[in-house]
Every structure is written in C-alpha cells, then in structure tokens.
Amino acid sequence: MTEDAPSGAGGPEGQEAHHHLAHTWEEARQAAFDAATPIPAGPVALGLALGRRLDQDIVALQDMPHYASSAMDGWVVNGTGPWIPAEPGTRLAPHQASPIVTGGLIPPGGKAVLRSENAVLGKDDDGLPILTTGGSARPGEPRTGQHIRKAGEEALEGDLLVAAGVELNPAHLALAALGGYDELRVQGKPLVRLLLTGSEVVAQGLPVPGQVRDTFGPQLPAVVTMLGGIPGGQQKIGDSYPEWLAALEDVVPEVPGVQDLPADVVITTGGTGRSGTDHLRRAVAELGGRLLVDGVAMRPGHPAVLAELPDGRFVLGLPGNPLAAMMALCTVGAPLLAALGHGTMPAVQQVPSGTVIEPEPGRTRLMPFRLLYGMASPAQHTGPGMMRGLASADGVMVVPPHGVQLGEPVPAFALPWGPPIPAPADTPAKAKPKSGRAAAKPPAGPVDWSALLG
C-alpha cells in the first residue's frame, strides 16, 4: 500500500518522490480534463438508460395506444339496450354485447362499454339471456364512446414524446416503452473498472495486525457513479508484477454480473509509489502506454498517476491510503470522467478560511473542512489513511503553498456526495442582523474555530 511521503523527505527516495511531482494541483486537473475526448453517443438498452442524457428525440413509433381498448371491466355494446350476449371478441351487431376486461381490445362493432356494476344479466320472456342496465346507471348510459380508450388519444405516430438533451428519469423510460422502444440513443458515459490491489487487504471482519480493511470496494463504485461514470465491476489482485500486467492487459476481464464491454477507464488502488511492490508505471510502459500525470504537488494524494494505453483506455492510479486516494480521485479522476461524459470542469468555489494555515512551499494541501459560522475550518482526523474527517466534511479546501490567513478566501470544491459549496454571498457570515437586534461584534483577534469541531 502506498503511503504519502512526508514533506521534505531526504535521501534518494525522497529526492525521487520530489522529482516526479511534475504537476501543480491546477495543472493536474487541467491535464486530465484536456486528455479526454467525449465518448460518442450510442444506443443503450432501455433498462440501462436511467440518468443518461438523451441524444436523439423520442418520437412515437405508432399510435399510443395503438388500439381502442376498454377502460373498465364490463360489457362492450353496440347500440342501445337491451342487448343479446355474444361471444367475446366477435363482431357485434346492433343490440349485441360481449364481456370485456380493462385493457381489452374493443371488437368490431363495439361502440361503448357498460360497467359491470351497472349491468344486469337476466333472461327474456323466452328464457334466453338478455343484458340490461341497472345499478347506478344513468338514463342513456352507456353513451357512444363511453369508457373506451381511443387509439392514438395519448399520441399519434411521429409525435414528439421526449426531446433530446434531457436527463432520462423513470417516467421517460416508461413513456419510451409505450412508444415502442427497446433501446435509446444517449450521450456517451465512461465505463470504469476497478483494479483493487494489496495482499494485506481483507474484505470482511476485523483485520489482524499487518492487515487492513478494504475501504475502496464499498465506496469507489458509488463515487464513480456520482462523478458521471458507469461502474464496470472490480477485480482484486495481489502485489506481484505478473498480476498487475495481466490485469491491465485484459481488456474485457471476466467479472460476474458485469457487461462484457471494454472499459474506458481503469482505476487502480495502490502501486503508485516507488517501492518494490509498486508496479503501475512499469506495467503501463510494457503495454506501450504513456504517462499523462506522474505525481501531483499536493498532499495528501501526491503519488497519483494518469496514463493512457494504446487501445485508448485511461489508467488512473490512486494511492493506497483511503483519504489520499479520494483526494487524487477528486483532483484527476473527476475532470477526466467529466470530459469523457460531455461534462464541464468540476467547479471550484471560494470559502473564507476559519483559521490561519501556515505556508508549505511547493505543495498544495487538500484539507477536508466543516463550515462553522460560515467559515471553513479544517476537520479533525484527516491523515492520509483516515476517513473519519472526510465522512463528516462539508467540502475540501485547496490551500495554496503560501498558506492562508483567517477570513481569507480559499479555493474549495464540493465532495461528490455533498451539496455544492455555498457562494460567498450566501454564507451565514454575510447575513444581516435581524431587525431590533445588534450585530455581534467580531472577535478582537484571530480565532481558530477548528477546536470546536472535535
């Protein structure tokens, strides 16, 4: 598992780590966004189209409904009563009727439907069956056309049902099915496969010393979806180079319950450092790929790697520590998936800092924060291998190398599962005091709010 190296690590290993921090945080985001071309539109099965953006109008392929049907259980009749019962589905002559259920096809000659509760089946003077009205039927019922759903009353063949450009919801899919569609043409979206590594990682139970729980399997598929990707299953491998090479070489791995389609993006966890068990760069080179981002001058998450293979797949290498991996995913993965999925660069907003953050030359720091009185204060428990601070965070501050002062605006981005960062004008710090109450005076000196965030 890759660790985030401490700032200023000395010796050859520290020098090598410093050497590969080629991109600033801003450069890494832009490089990932610029590397991708939007995936072309294509057809997908109706059941897989939920949440996708429609690329082509949905028009009715036939009249909707495409036949006249009964809106009630009862009797379909021709003319006024009384009526002579006939076999279901046969042509009705005047003064004939046949039983019908809701949704049933109106037979030739059918003019109206008499509701079952208003129908009385008896016998005439000769003992033959006869149908008359009764119950709560009004005089003259059923009128011509009553309780009949006419063909084409919802839409005629060729009518526009859903315009291109909308994000498809469940009602759209139902309407498309009624319109005769089995698949819809939608804008492209990246299929993302996960390659989870580490022989020390366990998926269940309490880990013993030397083992760690898998934090990526439970969270990454959901985060990929939130970032606009389509989860394409996950593989688990150990730390050997042959396993790495085989997993990246296999374009369509056998993963139960997953579509047999090549991935657009492969996200790996761990293996991005420089130790003997970190094989990502070597495997990419052997497969003929090229590195687009080889480390980012940020903390945590600096060993992040983005590569492109000759077959067009992107490989996003995340550090093995959970918080470091999530910061790398938000920095490099979010812009990449946005670009592949016809999106825009993820937004960065300004928030006022709730504390003084000292400089750290040459390195951007990503700090999960909580909003307290409209100011962003660094959350507790935010080491590279921790998740507690991120789980309760309202967003992530992007602290520049020169640091920030109390109250100074600092860039920040929202978490994939969180609400947008509030605009400065909307923060509580800008609210006016209520009428009749004096505004609270600001503190006389710098105040570090983070102590209140335990």
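What counts as what
- Residues numbered from 1 in each chain as written.
- Predicted model: local features only at pLDDT ≥ 70, side-chain atom pairs only at ≥ 80, totals over all residues.
- Heavy atoms only, no water.
- Phe/Tyr/Trp six-rings, centres within 6.5 Å; stacked < 30°, edge-to-face > 60°.
- Helix = DSSP H or I, 4+ residues; strand = E, 2+ residues; numbered from the N terminus.
- Buried < 20%, exposed > 50% of the residue type's maximum accessible area, 1.4 Å probe, protein only.
- Lys NZ or Arg CZ within 6 Å of the ring centre and 35° of its normal.
- Axes fitted to C-alpha atoms, helices over the stretch in contact; angles between N-to-C directions.
- Parallel < 35°, antiparallel > 145°, perpendicular 65-115°, else oblique.
- Left-handed = near helix turned anticlockwise from the far one by under 90°.
- Contact = heavy atoms within 4.5 Å.
- Nonpolar A, V, L, I, M, F, W, Y, C, P; charged D, E, K, R; others polar.
- Pairing = 2+ DSSP bridges.
- Lys, Arg positive; Asp, Glu negative; His and termini not counted.
- Salt bridge = Lys/Arg side-chain N within 4 Å of Asp/Glu carboxyl O.
- Polar contact = N/O pair within 3.5 Å; in protein donor to acceptor, adjacent residues only side chain to side chain.

(A) The arrangement of the packing of aromatic side chains in detail. On inspection of all chains with the given rule, the structure shows one aromatic pair. Taking the centre distance of 6.1 Å and the plane angle of 10° together, the rings of tryptophan 25 and phenylalanine 413 count as stacked. Of the two residues, tryptophan 25 sits in helix α2 (residues 25–35) while phenylalanine 413 sits in strand β26 (residues 409–413), which places them 388 residues apart along the sequence. Phenylalanine 413 matches tryptophan 25 in its accessibility class, with the two residues each being buried. Directly above the aromatic system of tyrosine 241 lies the positively charged group of arginine 282, at a separation of 3.7 Å from the ring centroid.

(B) Representation of the packing of helix α4 (residues 216–226) against helix α7 (residues 322–340) within the structure. Packing of α4 against α7 leaves a shortest axis separation of 12 Å and a crossing angle of 20°. What the angle tells us is that α4 and α7 run roughly parallel. Between α4 and α7 lies a crossing whose hand is right-handed. Here α4 contributes Phe216, Gln219, Leu220, Val223 and Val224 to the contact with α7, which in turn contributes Pro322, Ala325, Met326, Leu329 and Leu337. Counted by class, the contact of α4 with α7 contains nine nonpolar, one polar and no charged residues.

(C) A look at the sheet that holds strand β7 (residues 112–115). One open sheet accounts for four strands, arranged β5-β6-β4-β7; its pairing is mixed. The sheet is open, and its two edges are formed by β5 (84–85) and β7, each paired on a single side. Sheet topology note: the strand β4 (residues 74–78)/β7 ladder contains four bridges and is antiparallel. Bridging from a neighbouring strand, glycine 74 pairs with arginine 115 of β7.

(D) Examining the side chain of aspartate 278 more closely. By the element assignment, aspartate 278 lies in the loop between β17 (265–269) and α6 (280–286). With no salt bridge to any partner, buried aspartate 278 finds its closest opposite charge in arginine 281, at an N-O distance of 6.5 Å. A polar side-chain atom of aspartate 278 sits 3.4 Å from the main-chain amide nitrogen of glycine 271. In terms of polar contacts, aspartate 278 uses its side chain to reach the backbone amide nitrogen of glycine 273, at 3.4 Å.

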